[in-house]
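Structure assessment
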Amino acid sequence: MSENENKVNTKNVTIVGLIAIMAIFLVNRGVNIVTPAMNTFYEHFSEYSQETVAMISTLPNLTLVIGTLIVGAIVGKRFSFKSMAILGSVLYLIGGVAPYFIDSLYVILGCRLLFGFGLGLVYPLSNALINGLYEGDKRATLLGYGTFMLNIGGIILQTLGGILADIDWQLTFIAHAVAVLSLVCAFLLPEPPKKEEVAKTKGGWLTGPVLVIGIVFFIYMLMAYPVMLNVSVIFSDRLATGAAVSSTALSLYTALAAVSGFFFGALFKFVKRWCLFIGFIIATIGMVMVNYGQDYIVLTVGVGLIGLGFGIIMPALLAWCGKVAPEGKVSICTSFALALMNLAGFVSSFYLSGVAAVFGESVYAPIEIAIPVLAIMTILFIIYNPFKEKKAASA
């Protein structure tokens, strides 16, 4: 069994194919392009409620979830990974860039739905390919590299979004032209062996562990997303800064997430049992710093630590998913976990409305809620070991 632990399930993954898989990660943080520009959007669309304008950022997550679930159900069966990546990239490009030419909030929200669906078709492909093609430490290492690439793309896109927003709010949407990269890479993607994608297995794919992984993803993102959404508001409120400054903090978030993702393979190899505990405790400390910080350094480091935690939590959960997914069901299980993660982004707008109704504001109260929730998750992963090896059955 241990001999096959690091087995590669295909002989046909060329270096070009692996580069294409990694390159597609770069565009997957497209939803966050507008995050540093939110304060600019609030000012431009001041006649609308803040919760309504916030849907520019959160609404794409709804169709992203739908697209992600569709991919899990049909990719590798009715559609190839390549054709799905091409379709998704085209929709991403059209829906993402179109708001540059539009000054109607509701039409922009319609474009954001199209953009989110396109991103949803692209988002799970690289993770599903890695989970389907690789096993063991090799899988964990590549998932970590994928998180690294995901967040490098996030740094570029968030920084660009903040800079463009300070010039003109509509210019922010031009950054979505990055979808051209995924469109080119789509033609170079490898396909996993057919048996891996369509193998018939007894029982369904939604096992208890897969459901738990999806719920953990959902809880983490529901706690973290409002902080990312409101970073520009927090910095403006406490430090009277513009979008470009808050985008620097968001870039540190993605930079540290990238660094932790890059070294995740080594971390997983040596402290596999404690990966999720480490990720959650770091994220909890970051939340505390953002909640109580009153100067640029403390706030920025706090946001960065939340990113550092995410860079460990995401590949750890995906590695756990790859380990427990029923044979032949890797793509649908990975897509389900990522769908719940992104569903939290959409639900967060309603969550913030509920928090505002109860506490009278929706910027700082969600952080105060997130601190104990993430602390509880930290404690749970002290107690529970998700990577415990099953004892071999005695003959």
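Before going into details, it helps to say that this report is about the structure given with it. (Residues numbered from 1 in each chain as written. Predicted model: local features only at pLDDT ≥ 70, side-chain atom pairs only at ≥ 80, totals over all residues. Heavy atoms only, no water.)

**Points about the overall build of the protein chain**
A tally of helices and strands in the protein chain yields 18 helices and 0 strands. In summary, the protein chain has a C-alpha radius of gyration of 20 Å against a globular reference of 21 Å for 395 residues, a match within 12%. Considered along the principal axes of its C-alpha atoms, the protein chain spans approximately 70 × 45 × 35 Å. Every one of the 395 residues in the protein chain was classed for burial, and the buried ones make up 57%. Element-wise, carbon and sulfur atoms account for 69% of the exposed surface of the protein chain, whose accessible area totals about 15,400 Å². Each charge class in the protein chain can be summarised by its mean position, and for the 22 positive and 19 negative side chains these summaries are 18 Å apart. (Helix = DSSP H or I, 4+ residues; strand = E, 2+ residues; numbered from the N terminus. Rg over C-alpha atoms; globule rule 2.2 N^0.38 Å. Buried < 20%, exposed > 50% of the residue type's maximum accessible area, 1.4 Å probe, protein only. Areas by Shrake-Rupley, 256 points an atom, 1.4 Å probe, with all protein chains shown as cover. Lys, Arg positive; Asp, Glu negative; His and termini not counted. Charge placed at Lys NZ, Arg CZ, Asp CG, Glu CD.)

**Describing the packing of aromatic side chains**
Scanning all chains against the criterion turns up 19 aromatic pairs. With 5.6 Å between their ring centres and 85° between their planes, Y48 and Y106 make a pair best called edge-to-face. Residue Y48 is found in the loop between α2 (38-44) and α3 (50-53), and its partner Y106 is found in helix α7 (residues 105-122); the two are separated by 58 residues along the sequence. The class for Y106 is exposed, based on a relative accessible area of 53%. Note on Y220 and F310: the rings are 6.0 Å apart at their centroids and 15° apart in plane angle, and the pair reads as stacked. Here the residue Y220 occupies a position in helix α12 (residues 208-239), and F310 occupies one in helix α16 (residues 296-324), the gap between them amounting to 90 residues. Given the relative accessible area of 2%, Y220 is considered buried. (Phe/Tyr/Trp six-rings, centres within 6.5 Å; stacked < 30°, edge-to-face > 60°.)

**Looking at the nonpolar core**
Of all hydrophobic cores here, the largest spans 125 residues; its most connected members are I56 and Y220. It is α12 that provides the largest number of residues to this core, a total of 17 residues. Here I56 is in contact with V34, F41, F45, L105, I108, L109, R112 and F173, once residues within four sequence places are set aside. (Core = buried A, V, L, I, M, F, W, Y, C linked by side-chain atoms within 4.5 Å. Contact = heavy atoms within 4.5 Å.)

**Observations concerning the packing of α12 against α16**
Two elements in contact, α12 and α16, have axes separated by 11 Å at closest approach and are oriented at 165°. Overall, the two elements α12 and α16 adopt an arrangement that is roughly antiparallel. Considering the relative orientation of α12 and α16, their crossing is left-handed. When its residues are assigned to classes, the contact of α12 with α16 shows 27 nonpolar, 1 polar and 1 charged. (Axes fitted to C-alpha atoms, helices over the stretch in contact; angles between N-to-C directions. Parallel < 35°, antiparallel > 145°, perpendicular 65-115°, else oblique. Left-handed = near helix turned anticlockwise from the far one by under 90°. Nonpolar A, V, L, I, M, F, W, Y, C, P; charged D, E, K, R; others polar.)

**Details of the environment of V34**
Tracing the backbone shows V34 in the loop between α1 (15-25) and α2. The exposure class assigned to V34 is buried, which follows from its relative accessible area of 0%. Sequence separation between V34 and L340 is 306 residues; the distance between their C-alpha atoms is 21 Å. Dropping the residues within four chain positions of it, V34 is found in contact with F41, I56, S57, R112, T172, F173 and H176.

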